[in-house]
Every structure is written in C-alpha cells, then in structure tokens.
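Remarks on the overall topology
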Amino acid sequence: MNVPMKALSLSVVTAVALMGCGKEAPPPAPASQAAPAAPAATVVKIGHVGPLTGGIAHLGKDNENGARLAIDEVNATNPMIGDMKVKFELMAEDDQGDPKVGNTVAQKLVDAKVAGIVGHLNSGTTIPASAIYNQAGIPVISGSATNPTFTEQGFKVAFRVVARDDQQGPAIANYLLQNKPKTVAIVDDATAYGEGLANEVEKTMKAAGVKVLPREKGTDKTVDWKAVLTKVKGKSPDAVFYGGMDATGGPLLKQARELNMKAQFGFGDGACTDKMAELAGAAAEGLACSQAGIPVQAAGAKFLAAYKAAFNIEPILYSPFTYDAAKLLIAAMQKAGSADPAKYLPVLAESNYDGASGNIQFDAKGDRKDAEITIFTLKDGKVAPTAIIKGGKSLTLDEYAKAAAGPAK
Amino acid sequence: MSFLKGRTGLIILGIALLILPFMLGMAGTAWVRIMNFAVLYVLLALGLNIVVGYAGLLDLGYIAFFAVGAYVYALLASPHFGLHLPFWIILPIGAFVACIAGMVLGAPTLRLRGDYLAIVTLGFGEIVRIFMNNLSNPINITNGPKGVNLIDPFHIGPINFAKTDTIAGLDVSGPIKYYYFLLLVLIGVIIINRRLQDSRIGRAWVAIREDEMAAKAAGINTRNIKLLAFAMGASFGGISGGMFAAIQGFVSPESFILNESIMVLAMVVLGGMGNIWGVVAGAIVLAFVPEILRYTVEPAQMALFGHTLIEPEVLRMLIFGSALVLTMRFRPAGFWPETRHKRELVEAAEK
Amino acid sequence: MDIFLQQIINGLTTGSVYAVVALGYTMVYGIIQLINFAHGEVVMIGAMVAFTVITSLAGGTLPAPVILLAGVLAAVPTCMVIGYTLERAAYRPLRHAPRLAPLITAIGMSIILQHLALLVWGRNPMAFPQIMENPVILVGGAVITGVQIGIILLSFTMMAALTWFVYRTRFGIAIRATAENVRVAELMGVNANRVIAATFVIGAGLGAVAGVMFGTYYGIVHYTMGFTLGLKAFSAAVLGGIGNIAGAMVGGILLGLVEALATGYIGDLTNLCRWPGLGTSSMLAERCVDGGNFVVFGSNYQDVFAFLMLILVLVFRPSGLLGERVSERA
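Definitions and cut-offs
Residues numbered from 1 in each chain as written. Chains lettered and ligands numbered in written order. Predicted model: local features only at pLDDT ≥ 70, side-chain atom pairs only at ≥ 80, totals over all residues. Heavy atoms only, no water. Helix = DSSP H or I, 4+ residues; strand = E, 2+ residues; numbered from the N terminus. Rg over C-alpha atoms; globule rule 2.2 N^0.38 Å. Buried < 20%, exposed > 50% of the residue type's maximum accessible area, 1.4 Å probe, protein only. Contact = heavy atoms within 4.5 Å. Buried area = accessible area lost by both parts, 1.4 Å probe. Polar contact = N/O pair within 3.5 Å; in protein donor to acceptor, adjacent residues only side chain to side chain. Nonpolar A, V, L, I, M, F, W, Y, C, P; charged D, E, K, R; others polar. Phe/Tyr/Trp six-rings, centres within 6.5 Å; stacked < 30°, edge-to-face > 60°. Lys NZ or Arg CZ within 6 Å of the ring centre and 35° of its normal. Domains from an automatic or database assignment. Salt bridge = Lys/Arg side-chain N within 4 Å of Asp/Glu carboxyl O. Pairing = 2+ DSSP bridges. Axes fitted to C-alpha atoms, helices over the stretch in contact; angles between N-to-C directions.

Comments concerning the overall build of chain C
Counting secondary structure elements, chain C contains 12 helices and 4 strands. For 330 residues, the compact-globule estimate of 2.2 N^0.38 gives 20 Å, and chain C sits close to it at 22 Å. Summarising its shape, the C-alpha atoms of chain C cover approximately 75 × 60 × 35 Å along the three principal directions. Taken over 330 residues, chain C has a buried fraction of 61%.

Remarks on the interface of chain B and chain C
On the side of chain C, 56 residues touch chain B, which itself brings 54 residues to the contact. With both chains or domains summed, chain B and chain C bury close to 5,100 Å², and 73% of this area falls on carbon and sulfur atoms. Our count for the chain B to chain C interface comes out at 4 residue pairs in polar contact (both at pLDDT 80 or more). Of all elements in the fold, only α5 (114-134), α10 (258-271) and α12 (312-330) of chain B reach the threshold of two or more residues within the side of chain B that touches chain C. It is α5(B) that provides the largest number of residues to the side of chain B that touches chain C, a total of 12 residues. Across the side of chain B that touches chain C, the residue classes tally to 37 nonpolar, 6 polar and 11 charged.

So, the packing of aromatic side chains
All names here are of chain B. Applying the stated criterion across every chain, the model contains 38 aromatic pairs over all chains. A centroid spacing of 5.1 Å and a plane angle of 45 degrees characterise the contact between Phe-66 and Phe-244, whose relative ring orientation is tilted. Of the two residues, Phe-66 is situated in helix α3 (residues 63-76) and Phe-244 in helix α9 (residues 222-248); the sequence distance between them amounts to 178 residues. Residue class for Phe-66 comes out buried when judged on its relative accessible area of 5%. Phe-244 sits in the buried class, given a relative accessible area of 2%. Following the ring pairs from residue to residue traces out a cluster consisting of Tyr-73, Phe-87, Phe-154, Phe-161, Tyr-178 and Phe-181. Of note, Arg-329 hangs over the ring of Phe-330, and the distance from its end group to the ring centre comes to 5.1 Å.

Observations concerning the domain arrangement of chain A
Residues and elements named next belong to chain A. Per the domain assignment, the segments making up chain A are domain 1 (40-162 + 298-361) and domain 2 (166-292 + 372-408). For domain 1 and domain 2, the distance between their C-alpha centroids amounts to 29 Å. Summed over both partners, the interface of domain 1 with domain 2 comes to about 930 Å²; 57% of that surface belongs to carbon and sulfur atoms. Our count for the domain 1 to domain 2 interface comes out at 0 salt bridges. Applying the counting rule to domain 1 against domain 2 returns 1 residue pair in polar contact (both at pLDDT 80 or more). The residue inventory of the side of domain 1 that touches domain 2, partitioned by class, reads 8 nonpolar, 4 polar and no charged.

A closer look at the pattern of salt bridges
This model, assessed by the stated rule, comprises 32 salt bridges over all chains. Of the charged contacts, one joins A:Arg164 and A:Glu152 as a salt bridge, the two residues approaching to 2.9 Å between their closest N and O atoms. One end of the pair, A:Arg164, is in the loop between β6 (158-160) and α7 (165-177); the other, A:Glu152, is in helix α6 (residues 149-152), with 12 residues separating them in the sequence. When its relative accessible area of 8% is taken as the criterion, A:Arg164 is described as buried. B:Arg129 is the salt-bridge partner of B:Glu126, the closest N and O atoms lying 3.1 Å from each other. Within this pair, B:Glu126 and its partner B:Arg129 are both found in helix α5, separated by 3 residues, close to a single helical turn. For B:Glu126, a relative accessible area of 10% puts it in the buried group.

Side note on the interface of chain A and chain C
Facing 33 residues of chain A, the contacting portion of chain C comprises 36 residues. Overall, the association of chain A and chain C removes approximately 2,700 Å² of surface from exposure, summing both partners, and the carbon and sulfur fraction of that is 56%. Between chain A and chain C we count 1 salt bridge in total. A salt bridge links A:Lys235 to C:Asp268; the shortest N-O distance between them is 2.8 Å. Here chain A is connected to chain C by 12 residue pairs in polar contact (both at pLDDT 80 or more). Elements represented by at least two residues in the side of chain A that touches chain C include exactly α3 (57-75), β9 (216-217), α9 (226-233), α10 (246-258) and α11 (275-280) of chain A.

Focus: the sheet that holds β6(A)
Residues and elements named next belong to chain A. Spatial strand order, β2-β3-β1-β4-β5-β6: 6 strands in an open sheet with mixed pairing. Only two strands of the sheet have a single neighbouring strand rather than two, namely β2 (80-81) and β6. For strand β1 (residues 42-50) and strand β3 (residues 84-94), the ladder comprises 9 bridges, and the chain directions are parallel. Among the inter-strand pairings, Val-44 is bridged to a residue of β3, identified as Phe-88. Its contacts with the sheet place helix α4 (residues 99-111) against β1, β3 and β4 (116-119), and it is angled at close to 160 degrees to β3.

Notes on the environment of C:Gly189
Residue and element names in this part refer to chain C. Within the secondary structure, Gly-189 sits in the loop between α7 (182-187) and α8 (192-218). On the basis of relative accessibility, which here comes to 65%, the residue Gly-189 falls in the exposed class. Between the C-alpha atom of Gly-189 and that of Ser-319, which follows or precedes it by 130 residues, the distance is 31 Å.

What follows is the structure, encoded as structure tokens:
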C-alpha cells in the first residue's frame, strides 16, 4: 500500500505544476496580440463575464461582443488616462450560467487586477459574484441582470444600465391590461429570472383589480406544456403571461394554439426574440413581449453599423448595454484621471453619459434612472417594436427616435 | 495501512499541504477557491463512499444531503430570516438534519436492491431540489430559485473568514483560511472513516455488500446497519454543505442538480470504491481536471493550430467523458481499488 | 369533463413517447442488467438526424409523409450504428467488470454523445419542421390532433411487434434464453455476443423513432433534450418492472397520465382557499381575500408526484408493477 501515498503526493505536485503552467500561458484574447503594437501604453484590464456555453450561450457572446466593440473603439483613439498613455484589454470569461463557476471566474478577474467588470449576464450569477467584487472594491456594471436584488445589497460597486424586473414587469402587464382582461393566468419556468418577472407582472395585475389564477410552473427545460395549458384553459383566462426563455416559450405558445386557446399571450425579454416565430410557427403571430431597455433597432445607428462591421452578425439583445457599460467605465476612469477603482468609483456613480442605449445616469442604488422598456409584437415572423415606455409614458418608435435625436446632437 | 507508518512521507505531505494554499495563491486566489471546492468534493466523496463503497448501496441522490446542509446553514446565518447563529452551532445542526434526511430516505428503501435503489435515491435527490426551488410559495421558506444571499462567513473570535488578514507579513485571504479549516475537517473525516472501516460496523457493511443473506444469517442486524450507512453518509454530506454555503455566501437550488450526484459517484468509482485514498485521489483529480482544462485547452489549441478549432468548453467535456470511459475500460475497479474488494457490488454474472 | 378528457389524451401521448424510449432501457437491462444511461442521448441524436434530413427536404417537391419517412429512415440506422458502437466499445469490454464500472462508462458515453451533438448541431434550440398537416378532431370538447393519434398508435404497434419478435421468433427465443442465463444459452448454441448486440441495436432503433415522435409533437429539438427524456423513460421502465416489455409500456403510459393529472388537479385540490372553512379562517383570510389563492402543491411539483409514485410503487412492489420477483441475489 505504498502506492496511494506516492500517487497522492504526485497528484499534488502535478496539480501545482499544472497550475504554474496555467498561469504562464498568456490569455489568448485577441487584445493580447495587439498589445505589443503599442509598447509605451499601460494596459488597463476590463473584465467581461457571461455564459459562453450552455443554453443561452448565444446571448452571452452577444454581450461580450458589445463590450469588445467598445474597447476596440476606444483603443483606436490612443486613449489617455490623466497624462498616462493606456491600452484597454478585455478579459472575457465564461461563467456557464452557474453561480459556483461565476464566483470562481470572478475571483480569477479580481486576481488579474482588472479595473472594472462588465457583467455578468444572468442575475443568478451576478448577485453572488458581486459580493466578491464588492470586497475587492472593483466596480461591476451589468448590462442584463434585471433582478432587483443585485443593486439592493447595499454594494457601492454594483451598477446596472438595464431596467429592473420591477420596471419591466409592470410595463408588459400594463400593455396586456389595455385589452381589459378579466382573468389572467401567469406561468413561469421556476427560475430566478422567470419567477421574478412573473411576480412583478402579478403585482401589477392584482393592483389593477384583475383576477389572477394560481401560478402555474414548468422548468427551464419543459417542452410539454399541454397539461398546464389544459388546466389554464379550463379557467378561460383572457390573457396569459409567461416568464421564461424562448426555448420553453416557443413550445408553450405552439401547444396553446393547438389546444384552441384564444387568449392574448405576453412574454418577458427572455422569450422576446425572432426565435419565437421559428419555434411556435404561425401560432406566434400577435404575441406581445417586452424587453428591458430600448430595442436593438433603436440603438444608435452608429453602434449598429459598427457592430455589424466588427462581427458580421446582427446584435441580438443586450449588446448595446454592455457596449455602454464598458464605455461608462472608461469614461469614468478618464474623467477621474485614474484607473484605480477607489478613485474613479465616485466619478462613475455621478455619470451622465449619452450612449447607444440613450442617456445614462445612476440613482443612489446604482440603478439606471428612468430606464426604458420596449413592448414588441410578433408580426410576420419577426418581433417588431410597438411602443417604448419611458418615465411611465408610452412612445412609438418614431416618437422615441425623434426625442432621442434632439438632445443627443 | 503503511501510509501512516512512513513518517518522512507523512511529514513531507503535511508540509506540502500547509504551504499549498500560498503556492496556489501565487497563481491566483482563484486556484485556492478551486482547491477548496476540491476538498469539499473529497468530503462528499468520502461520505458517499460509506454508502456505496462500504455498504454497497447505490445512491444517485447523494447531493440532496449536501443541499440540506447548505440550506440549513443559509437559513440560520443570513438576513433571510434575520438569524445569525455562529457556524459551530449550525454545522452540527446541518449534519443532524441531513442525518435525519438520510434515514427518511433509507427507511422505506431497505428492501430495494441495486438499480431499483438507484432510481429511488435519484428521485429522492430530485424531490429535495424541487422542494428547495418551490418552497417560496405559499409561505417563503427557502426563497425559491432566487436562492439565499449574503450568508454569514465563519467567524472565530476576531477572525473573519471573508476578509484578508496579514499575519507575520503574509497575506492570509479568506479562501486560505477556509482551506485550513477544510483541511482540519478532512483529516477528522479521514480518521473517522479509517476507524469505521476496521470496526465491527465497517465489517458488517462489507458483509452486507458481499452477501446480505449470509450477513443476516451471521446475526447482523442488516436493517439497522444499512440505516446507519445512510445516516453516516448523509451527515458528512450535511457538514460539507454547511461549509459550501459559508464559502460561497450564496446558495440556490441549481447548485444541487442530479449531475452533481453523478459527479460525486464518478469520483468514488473512478478512485476506487471502498479505498479511502483512492476516493480522495479520485475526487481531487475529477475536481481539478475540468479547471485545469479550462486554463489550458484554449492556449494549447492556439499553440497547435493558431486558432481555436473546437470550443474549449466542448473539448473540455469531450476529454472528460473520454477519461471516464477509458479509465473504466482499463481499470474497471478504479485507480486504487480496495485490496479485499475484489467483487465490489453483488455481481449478476456470478450466478 | 372535456378538461379531464383532454388531460387523459395529453398523458397518453406523453406516456407513449416515454414508453417507446423505455423499451430501449428495458431491452438492454433485461438481458445484461445494465442501465444504459446513454440511451437518452441516442434518442436525441435520432431526433437531430431526422431534423437535418427533414429540414433539407422540406420545401422540395416530395409529399410530406415521404419526407417524414425519409427522416425516420435516416435516423433509425444512424442510431442503430451508435447503439452497436456503444455496446462494442463501452460495454462489452466491461461485461465481467464490477457492476458500477459500466454505469460510469455509460455516463461518460452520454457526455461524449451530447457534446458531439453540440459540435454538429450547435447550441441553439432548433425548430423541428412541422411539415405534416395536423388535423384536429374534437371529442367531447377535447382537442385531439392527428400527430397525437399517430404517436399513440405507432407506439402500441411497435410494442406489439417487439413482443411478437421476442416471444414468437427463433431470435426472440435466443434473446430470452440469454436473458435467463448467458452461459447456459451459449451451451445451447446461442451466440450471446450477437444477441446482446442485437438488443442494443433494436433499442436504439426504437429510440430513433421516439426521437422523431418527440420532434414532431413538440416542434423543438436541442442537444440537451436526451437527458430529461431518458430519465423519465428510465423511471417508467423501472415503474413497470425493468426487463419487461409490457412493463415498459404500462410504466410509460402510467407516468404520462400521472404527470398530466397531477399537474391538472393537485394544484386546485391543495388550494387551501377553496377548502370550506379554511378560506375564511384568520390565518388564511388575508391571502384568500378577493379570489386570492393559497396553493400548497401546484404544477411546480409535477416531477415530485411522478417520483413519489415511483417510490411508493417500489416500496410495495420492489420489482415494479409487472416485474418478476427477483431473488435477493439478483
């Protein structure tokens, strides 16, 4: 029985050795290849975290692209912080949408002494990771975490540039209320995101005096909604809201129409994509859904063109926000004349910035003041924006574009 | 076992383990965290080893006990209920609750064997997770899928495990403190395991594993002894869960999915069921391999092909899957099988 | 009543899909007592292959049934090859290894198959082309679609065919003999290796059909779909008594029905506001006011009911509903 000891110590040694390797290997980000081109510049690292694998990897990549675009643009202008020539470098990490991995990756970024973080994508990973950033004093701006808790923890470093669930929920609920439903059914996918949003919708509905049926739930993998829908159908609701992603929302809508349900359907931002039309087919027509923020189509034309030029694809959902988040971090550093988080954090909190997603200012908690919500309807297989809700007012896309174009120039 | 007799070996190992977090810390605190998770997995694997390795009861829902321990800690030391009990009170409570859960699972399943037991334990694990995910309504107990946040870290006197202290010029970060605590627990658990293995109870477990009828005939109270295996295994899971909650500062049901149970089982089987050192090694290898691959797969591809041919995450999983298959192909009893453990679980082909 | 009928139809359809997948588990288990954990992934690959074929043919001049058939005809042999490869590469070398070793290989193969599928088909959920006309029949207010009828009929046909094959053909006798005792069967001149490989191939072929059923019915395929489906089907096989063909069918359908009915009714039954007396009691009055609800177990506990039923059945009938009583040493 000498084997175990040798093997054990051997495995420890190899583990340590391998870790050494892990550290020596340079991060393969394209930015690092560009770095030697400007040897005089000090490198300032900015982290981005989102799921690059798993069910919503396409959204994670979209977020990363937004941040990457911002940093590449700034680097092209030979940026300065104070009187120091700098080069920004993006450290893009994959959290797999798993809080445990999210924390490990967060620690990795803190170890690498990044100056600021853009991310994470999911509220479920952003909230626990923010405790690590808070302890390290590094600012974190999420472009997509919509759960209110993120900025309710009292962390000075936590910001978001996207609307919260308790802003988005009422918006889509009010839109559904326009048709004066008497009974509403609410379904969710039993995830932090789906349930959180559904709760906000329910609150608004109840406040408006509408009868809300007992909550029905599936999971984030459910494709068989027939039993739930049959039960709901038996109570003849006038409208149905679903809090969940497109992969589950598509089958839900398809099966509802198969069961001859005539109710108006409303979904949240996770299921507010063109994928819906593909998955639910003709059944998807007329679906109303909301996105936290302004529609990608309404984002600055400059951003859209630049994104397409850089990545050769259309932006999907939150990239204008991560783009703005990265630019906000850089702008604050430049204004404060320092990339030291302690120095530029107060400046960041006072930001007043016109970005691709409109004017951004933070309130005391770190939430965006007056965040916009957009309502879409599904027409001819595409989600098309029908209204933008800002400060409680509902604007059409054209009205919004006019209003936004005015002050921006 | 001669392992502990080799005094120089022990001293070297001891010193290596003591300075390990600082060496890892040089590569980044992230590696200390990864090490801590590896130790947590070792604890879990050792707990499961009692059930699967010693008593031969195939348990596919083991992560449920980990979850129970984690939630007990989270609910008793967080703003969720406004309770902030110290860890040395909660950890035993967590172990106790998990132990009860273990017996609740064990009692009705005593008659089941092999694969039937596997599916029932699997179902039990899923049930526990689903309850945690849904007990926010109609009365909020677990806070549902949102999970419980801002969980208190360990405090020992003035030492806060979430903060960095400087001791004699050395920066001792939070994860390093947890590492030493985990190491202490691990040593304790290993000692308990070794004592159990060579005790009457340990031999009774093995007897049941090899032939339950014969064990019964030999006068072993198989019912109680099997329940004891479930209870002991579950308690270890509960303690690990409590420490997990404190280290993470956040728990949510998605950390306790079926895949985690399968992972822990793979650690036990891969290392060598029934052999403590095999299980320890199996857990460390399986916990580290994915992380090492995370740091190396992409640079390796860049070096070989100049660009990323296969996405690192996918390649990582492919390598991992192949490793499981190949290991079993060439070492079906694990890397370091238990010496007396020739036949493992009751073998059908033996009939 | 129409709602109840609708739930029965929902449950029957889902249950039929479970049952066909469960047949694959049960075939393999019956003969070598191995849980082929990778079977769910085989079903997924069947669905994916059919997806590719049908998508590329859709929009052409071929009539819809022909396209669907082409999809099935491509999926079945592909899955059979995978089933055979699984047996040869991952399980046969381990046939005399400790019991848990093949379980771990199965898990490893399942991870490999899933991520190979990710490489080939990507990580987005994909819409399975809905090419067939889906006529709707109204029975007592319940909606039955053509696809549902097709799935139910097809699964029963396949079970009947399989039963005939196992009980009425020479090869079937060989299968049963091998299941009874490998060594004795070999002494009687049965090529056990061939028989065992054949059960894998048959199970995988059935799995491919189940994959196409899944895609056609739900309209969506994804590289992770095999896991949950496999788990449910495996539970169904155990419920019915693993190793027993009729048991897989009974288990699958029962599981489907219990899921549908539990989802449909337990939420309302445990809505305390509807309980006479309780709804106005001081503790609940606040929650129940104005049509409020206090649901203890809603549809969120769907899987709990399924697993609880499984556990209860096994506690009282440790070998499943139709399983033979296996000796303690089995």
